[in-house]
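Observations on chain architecture
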Amino acid sequence: MGFTYGLGGLLLFPLAVGAQVVLLERITPAQMLQAMQAHRVTVLLSSPTAYRGLSSHLEQHPQDRPQALRVAVSAGEPLGLSTRERWQRLTGVPLWDGLGSTELLHIVIGDRQARPGVIGSPVPG
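Residues numbered from 1 in each chain as written. Predicted model: local features only at pLDDT ≥ 70, side-chain atom pairs only at ≥ 80, totals over all residues. Heavy atoms only, no water.

Let us look at the overall build of the protein chain. Check the secondary structure of the protein chain and you find four helices and five strands. Counted from the first residue to the last, the protein chain has its helices and strands arranged as α-α-β-α-β-α-β-β-β. A globule of 125 residues ought to have a C-alpha radius of gyration of about 14 Å, and the protein chain, at 14 Å, matches this closely. Dimensions of the protein chain along its principal axes, counting C-alpha atoms only, are 40 × 30 × 20 Å. Here the protein chain, with 125 residues, has 35% of them falling under the buried criterion. Residue pairs in contact within the protein chain that sit at least 24 positions apart in sequence constitute 53% of those at least 6 positions apart. (Helix = DSSP H or I, 4+ residues; strand = E, 2+ residues; numbered from the N terminus. Rg over C-alpha atoms; globule rule 2.2 N^0.38 Å. Buried < 20%, exposed > 50% of the residue type's maximum accessible area, 1.4 Å probe, protein only. Contact = heavy atoms within 4.5 Å.)

Next up, the structure:
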């Protein structure tokens, strides 16, 4: 939660809808995927660096694919097309890209359709 992506995604939005949040500190991709299975995580908020690490693990251990996951959101750094496509191929889960700013508190431009090479359009609200 070192920047507003974490504040919005891990505190404000879950509180607004009564969602459960799983916070993990200093973990490996294997441990993260294990926790996602154990807690039946449906929405994942992370960075492209984390998605690359998770994808590398899943290439070697496809049985660790998170079964309950329905959407993944990426922000905090640029999301490359190869990372997005690799994640989708390995998990079957769309990876939404987002662009935000501290001053506006969270993602303000996003692409829910996961179109290659497109950052998206303004987020409603």
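Glancing now at the sheet that holds strand β3 (residues 95–100). In space, the five strands of this open sheet follow the order β1-β2-β3-β4-β5, with mixed pairing throughout. In this open sheet, the two edge strands, each paired with only one partner strand, are β1 (43–46) and β5 (121–122). In this sheet, β3 lies alongside strand β2 (residues 71–74) in parallel orientation, the contact comprising three bridges. Its bridge partner being in β3, A72 is matched across the sheet by L95. Packed on one face of the sheet, helix α4 (residues 81–91) meets β1, β2, β3 and β4 (107–111) and runs near 145 degrees to β3. (Pairing = 2+ DSSP bridges. Axes fitted to C-alpha atoms, helices over the stretch in contact; angles between N-to-C directions.)

Our next topic: the confidence of the model for the protein chain. Interpretation of the predicted coordinates at a detailed level should be avoided for regions scoring low in pLDDT. For the protein chain, mean pLDDT is 87; residues scoring 70 or higher make up 90% of the total. Averaged pLDDT values for the elements of the protein chain fall to 76 in β4 and rise to 97 in helix α3 (residues 48–60). (pLDDT = per-residue confidence, 0-100.)

Under the defined criterion, the tally for this structure stands at three salt bridges. A salt bridge links R52 to E77, with the nearest nitrogen and oxygen atoms 3.4 Å apart. One end of the pair, R52, is in helix α3; the other, E77, is in the loop between β2 and α4, with 25 residues separating them in the sequence. Residue R89 pairs with E59 through a salt bridge whose shortest N-O separation is 3.5 Å. Here R89 is found in helix α4, whereas its partner E59 is found in helix α3, with 30 residues between them in sequence. Of the residues examined, E59 reaches a relative accessible area of 38% and is grouped as partly exposed. Each of E59, R86 and R89 takes part in salt bridges that share partners, so that together they form one network. (Salt bridge = Lys/Arg side-chain N within 4 Å of Asp/Glu carboxyl O.)

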